[in-house]
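Each chain, letter by letter, is given below.
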Amino acid sequence: MHTDIVCLHVYLLSGAIDVPIVNKKLSKEFYLREDTLAVARSLIGKLIVVPEGRRRVSAMIVETEAYLGETDKAAHSFGGRRTKRTEVMYAAGGTVYVFFVYGMYHQLNVVTGPADHPHAILLRAAEPVEGVNVIRERRGKMPDKNLTSGPGKLCIALGVDKRFNGESFRGKRIWLEDFREFADGDIITGPRVGIAYAEEFTEMPWRFWLKDNPFVS
DNA sequence: CGCAGGATGGGCT
DNA sequence: GCCCATCCTGCGG
């Protein structure tokens, strides 16, 4: 048996490095784990792939935030709230949750855990890897460091919008792959962003990011 | 570089 | 009618 290993020269600021593209979607089990904080941490270094026609467009996740469902005042599903918008959070892990905010921006989330366990992880920032020219075009005349350094920018860069809501992260339009592994010491935790309304949950260190990566928001 | 202010519309009270 | 898991621009230093 033989496997094609494609090596890529990784894009700019975080340093030049050749990395194998594994080209294999993360397993169903990856998404079904109930330890949402562990999943949020393990998403750092994974590749988000959103093909454009036959072309791969991808970015390495460098920042995530965990939203822990019914008991987390910052989560849309807090208190078991179940509406048209939040319904998708009750699906099984591996489902795409995209919502619209501030009248202009989309936010890409990974639903995690079993069905009726409405946790999700916000993908806040990533580093462009493949299809960088497609990404540059979508982002207009932005300097490279601003291409994907925030949750709204990431969605624009990858072409993600409400149409992706409810799809699978193991389908044909969007998926995640293994890409790079980082030691625990390279992953920093801190409070989540933009949740001042969440009272005692505001300062919970449920945001994870890759130390010294220039695309962290 | 930092910061203030505005854009803009869905979701929910 | 208010809030919001944000981003960009323009201005001052």
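Whatever comes next refers back to the structure up there.
Engineer: Would you explain a positive patch on the surface in this entry?
Structural biologist: A contiguous patch of positive charge, built from K25, K28, R170 and K172, is present on the exposed surface. For R170, the location among the structural elements is in the loop between α4 (151-158) and β8 (175-177). With relative accessibility at 35%, the residue R170 sits in the partly exposed group.

Engineer: How do you make sense of the protein's contact with DNA strand B when you look at a structure like this?
Structural biologist: Around DNA strand B lies a shell formed by R81, T83, R85, F100, Y102, G103, M104 and K162. In DNA strand B, the atoms that sit within 4 Å of the protein are 58% sugar and phosphate, with bases accounting for the remainder. One of the backbone nitrogen or oxygen atoms of Y102 is found 2.5 Å away from a base oxygen of DNA strand B. With respect to DNA strand B, the backbone of G103 contributes an N or O atom lying 3.2 Å from a base nitrogen. Within the surface near DNA strand B, the residues separate by chemical class into three nonpolar, two polar and three charged.

Engineer: When you look at the pattern of salt bridges in this model, what are you seeing that I'm missing?
Structural biologist: Oppositely charged side chains are able to pair whenever their charged atoms sit close together. The final tally for this structure, using the stated rule, is 17 salt bridges. With a closest N to O distance of 2.7 Å, D178 and K46 form a salt bridge. Of the two residues, D178 sits in the loop between β8 and β9 (187-190) while K46 sits in the loop between α2 (36-42) and β3 (47-49), which places them 132 residues apart along the sequence. Residue D178 is classed as partly exposed on the basis of its relative accessible area, which comes to 32%. For D144, the salt bridge is made with R136, and the minimal N-O distance between the two is 2.9 Å. Taking relative accessible area as the criterion, D144 reaches 24% and is therefore assigned partly exposed. By relative accessible area, R136 is classed as partly exposed at 30%. Three or more residues are tied together by salt bridges with common partners; here these are E63, E65, R124 and R207.

Calculation rules
- Residues numbered from 1 in each chain as written.
- Chains lettered and ligands numbered in written order.
- Predicted model: local features only at pLDDT ≥ 70, side-chain atom pairs only at ≥ 80, totals over all residues.
- Heavy atoms only, no water.
- Patch = residues over 30% accessible without salt bridge, like charges linked within 9 Å, V, L, I, M, F, W, Y side chains within 5 Å.
- Areas by Shrake-Rupley, 256 points an atom, 1.4 Å probe, with all protein chains shown as cover.
- Salt bridge = Lys/Arg side-chain N within 4 Å of Asp/Glu carboxyl O.
- Lys, Arg positive; Asp, Glu negative; His and termini not counted.
- Charge placed at Lys NZ, Arg CZ, Asp CG, Glu CD.
- Helix = DSSP H or I, 4+ residues; strand = E, 2+ residues; numbered from the N terminus.
- Buried < 20%, exposed > 50% of the residue type's maximum accessible area, 1.4 Å probe, protein only.
- Near = heavy atom within 4 Å.
- Polar contact = N/O pair within 3.5 Å; in protein donor to acceptor, adjacent residues only side chain to side chain.
- Nonpolar A, V, L, I, M, F, W, Y, C, P; charged D, E, K, R; others polar.

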